[in-house]
Amino acid sequence: MRRRLPAALLCLTLVLSLVPAALAADAPAAWAAADVSRAVSLGIVPPDLQKGYAKDITREEFCVLVVRMLGILTGTAPAQNAAPAFSDTQSSYVTEAYRLGIVGGTGGGKFSPRNAVTRQEAAVMLTNAARVLRVYRTSVGVSYFIDAYKMPDWAVESVHFVTAPEVGVMKGTSQNIFDGAGGFTRQQAMVTMVRMLDYAQRSIAQTKRDTSVTVRGKSVWLTMTAAQVQAALGTPTEILSRQGGFSWQVFAADYRDFLMVGFIDGISAAIYTNAAGFEVPGVTCGAAYSEALTVYGRLVEKDCVSVSGREIVDSVLIYGDAYRKAMDVTVAERAKYAIDYAKECFYATNAMRVKRGLAPLAWSNQAAAAAQLHSQDQARNDDLTHTGSDGSKHSTRLERQGVTIWNRTAENCAVGVWDGLNAYALWLNSADHYVALVGNYSYVGCGAAANDRVIYFTQDFYSVR
């Protein structure tokens, strides 16, 4: 026994000595510990990834982290009942990341979920996440790497973005080397998720300062979620669809507070109002139009703010890159949403009337039908006119739709603009059309239709005896 006891003690000592080493392997490196701890506490890292921090992260694991990080800012989570996007993974996180445009497949309907992520692939996916959050910027400083010539073209822009000093999401492996084809570990991915979250929050705060629109004490700005907007403004009156996955939430329960907030993937991408007393940074409703041009300069046409009016600022449309991209489509694609464009004319007209102390007009399905048919007639014949191809006048077209008792009617027509808000602005800035907008009418209906070149808009008004 005396000879066996030391051996037993030796075995026990060896077993005990292995425990600290195993625990150390499951702890993040000292340089990553603080950010990994934050990522865990924020809910970015699920329990099954809270180990093996030095392992290369897989494509599926990266999707889990990035979607959970986005959820902190958007308040959304992947749909559990969504059909898988790929044949080789059932992960709802992969499906959501694919839906958001963060990742793509590897060919043949597959995702290769267990493949390791390279540093340049991580840069691209993180940049795509920034685009989802509307915090991607092209005008950032560029970090110089001596191995940049080795990067594939599809990665260069993303590497420049994530390593830019003001973004600071990724760094080189040494001062002047990025090593794009190198591996990317779980702990590195977790650290970059925290950095992306911090950068996004800084950028969103700046966006709030730059793009906020305030109407009677209620403020909204770009990059807000739908839940945040509705908490500020209430339940939308109506939702109008546009191309490119864009939709307007219309808030018109009280036209004195009228706002339209546009969303893409649940994030606000545009804001429109022509309500009385609106305020945007540097310009208020009713200010001289020249003042708006002075404040915004080329931004009126180029970047995020478009102001319309004759001599004074009457309305404001604030938008970012996501909105501009969604609107850059063919006439045929726009034509699919012509009816929603027509409703934009209706809401903008009523907000303008209320601002001028006039009663809002009621929507008339009969007038809308007459307006729609006339828009289709104009589009078919490619002719802007108040006279139908059958010789009819607008009052006759209203009567055909059942408006038989009326004492006055009017009609506005427009072509050469791309949506209902611009059609309204065109009429607002035309003396003859303005008379109809502010006329003593009770009902209005709007229509829009396109041919292969342009969209025709029609607005029919009437009052009853």
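From a predicted model like this one, the values you see are computed outputs, not experimental measurements. (Residues numbered from 1 in each chain as written. Predicted model: local features only at pLDDT ≥ 70, side-chain atom pairs only at ≥ 80, totals over all residues. Heavy atoms only, no water.)

Caption draft 1: Region of interest: the sheet that holds strand S14 (residues 455-463). The 4 strands are arranged S11-S13-S14-S12 in an open sheet whose pairing can be described as mixed. Of all strands in the sheet, those bounded by a partner on one side alone are strand S11 (362-363) and strand S12 (408-415). In terms of strand pairing, strand S13 (residues 443-450) meets S14 through 8 bridges, oriented antiparallel. Counterpart to Ala449 in the pairing with S14 is Tyr456. Where helix H12 (residues 338-355) meets the sheet, its contacts fall on S11, S13 and S14, and the angle it forms with S13 comes to roughly 145°. (Pairing = 2+ DSSP bridges. Helix = DSSP H or I, 4+ residues; strand = E, 2+ residues; numbered from the N terminus. Contact = heavy atoms within 4.5 Å. Axes fitted to C-alpha atoms, helices over the stretch in contact; angles between N-to-C directions.)

Caption draft 2: Layout of the packing of H12 against helix H15 (residues 420-428). Running from amino to carboxyl end, H12 crosses H15 at an angle of 45°, the nearest separation of the two axes being 7 Å. Classified by the angle their axes make, H12 and H15 are oblique. Here the hand of the crossing between H12 and H15 comes out right-handed. Residues Tyr341, Glu344, Cys345, Ala348, Thr349 and Met352 of H12 form the contact with H15, whose participating residues are Gly420, Leu421, Ala423, Tyr424, Trp427 and Leu428. A class-by-class count of the residues in the contact of H12 with H15 yields 9 nonpolar, 2 polar and 1 charged. (Parallel < 35°, antiparallel > 145°, perpendicular 65-115°, else oblique. Left-handed = near helix turned anticlockwise from the far one by under 90°. Nonpolar A, V, L, I, M, F, W, Y, C, P; charged D, E, K, R; others polar.)

Caption draft 3: The pairing of strand S5 (residues 259-264), seen in detail. Buried residues dominate S5, accounting for 6 of its 6 residues. Because side chains alternate across S5, one face comprises the buried residues Leu259, Val261 and Phe263, and the other comprises Met260, Gly262 and Ile264, equally buried. The pairing of strand S4 (residues 246-251) with S5 spans 6 bridges and is antiparallel. Paired with Phe251 across the strands is Leu259, a residue of S5. When S5 meets strand S6 (residues 267-273), the two strands line up antiparallel, connected through 5 bridges. Note that in S6 the partner of Met260 across the bridge is Tyr272. Linking two consecutive strands that pair antiparallel, namely S5 and S6, is a turn of 2 residues; a positive phi of about 55° is found at Asp265 within it. (Buried < 20%, exposed > 50% of the residue type's maximum accessible area, 1.4 Å probe, protein only.)

Caption draft 4: Highlighting helix H5 (residues 119-132). Taking 1.5 Å of rise per residue, 14 residues should cover 20 Å, and H5 covers 20 Å from first to last C-alpha, within 8% of that figure. Along H5, the residues classified as buried are Arg119, Gln120, Ala122, Ala123, Val124, Met125, Leu126, Thr127, Asn128, Ala129, Ala130 and Val132. Its buried side turned inward, H5 meets helix H3 (59-74), helix H6 (153-163), helix H7 (186-211) and S6. At the exit of H5 stands Arg134, carrying a positive phi of roughly 60°. (Expected span 1.5 Å × (residues − 1).)

Caption draft 5: Expanded view of a nonpolar patch on the surface. A grouping of Tyr144, Ile146 and Ile177 is seen on the molecular surface, where their side chains present a nonpolar patch of about 310 Å² in accessible area. Summarising the element assignment, Ile146 is placed in the loop between H5 and H6. (Patch = residues over 30% accessible without salt bridge, like charges linked within 9 Å, V, L, I, M, F, W, Y side chains within 5 Å. Areas by Shrake-Rupley, 256 points an atom, 1.4 Å probe, with all protein chains shown as cover. Salt bridge = Lys/Arg side-chain N within 4 Å of Asp/Glu carboxyl O.)

Caption draft 6: A look at the environment of Ala122. Examined against the element boundaries, Ala122 turns out to sit in helix H5. On the accessibility criterion, Ala122 (0% relative accessible area) is buried. Along the primary structure Ala122 and Gly180 are separated by 58 residues, whereas in three dimensions their C-alpha atoms are 9.1 Å apart. Discounting residues that sit within four places of it in the chain, Ala122 has contacts with Phe62, Val117, Met170 and Phe184.

Caption draft 7: Structural view of the packing of aromatic side chains. A complete count under the given rule lists 15 aromatic pairs for this structure. A ring pair is formed by Phe346 and Tyr347, whose centres lie 5.0 Å apart and whose planes are at 65°; its orientation type is edge-to-face. Each member of the pair, Phe346 as well as Tyr347, carries the same accessibility label: buried. Among the aromatic residues, ring-to-ring pairing joins Phe246, Trp248, Tyr319 and Tyr323 into one connected group. In this structure, Arg119 is placed above the aromatic ring of Phe178, and the distance from its NZ or CZ to the ring centre is 4.5 Å. Lying over the aromatic face of Tyr136, Arg131 brings its terminal NZ or CZ to 4.2 Å of the ring centre. (Phe/Tyr/Trp six-rings, centres within 6.5 Å; stacked < 30°, edge-to-face > 60°. Lys NZ or Arg CZ within 6 Å of the ring centre and 35° of its normal.)

Caption draft 8: The side chain of Gln378, seen in detail. With respect to the helices, strands and loops of the structure, Gln378 is situated in helix H13 (residues 365-381). Relative accessible area serves as the criterion here: at 1%, Gln378 is assigned to the buried category. Excluding its chain neighbours within four sequence positions, the residues that come into contact with Gln378 are Asp383, Leu384, Thr385, Cys413, Tyr456 and Thr458.

Caption draft 9: Spatial organisation of H3. With 16 residues, H3 extends 22 Å from end C-alpha to end C-alpha; this agrees with the ideal 22 Å at 1.5 Å per step. Within H3, 13 of the 16 residues are buried, leaving the element largely enclosed by the surrounding structure. Just beyond H3, the residue with positive phi is Gly75, at close to 70°.

Caption draft 10: Examining unusual backbone geometry more closely. We note that Arg216 has phi near 50°; this positive angle belongs to a residue other than glycine. By the element assignment, Arg216 lies in the loop between strand S1 (213-215) and strand S2 (218-220). Phi is positive for Asp265, close to 55°, though the residue is something other than glycine. Inspection of the secondary structure puts Asp265 in the loop between S5 and S6. Relative accessible area serves as the criterion here: at 39%, Asp265 is assigned to the partly exposed category.

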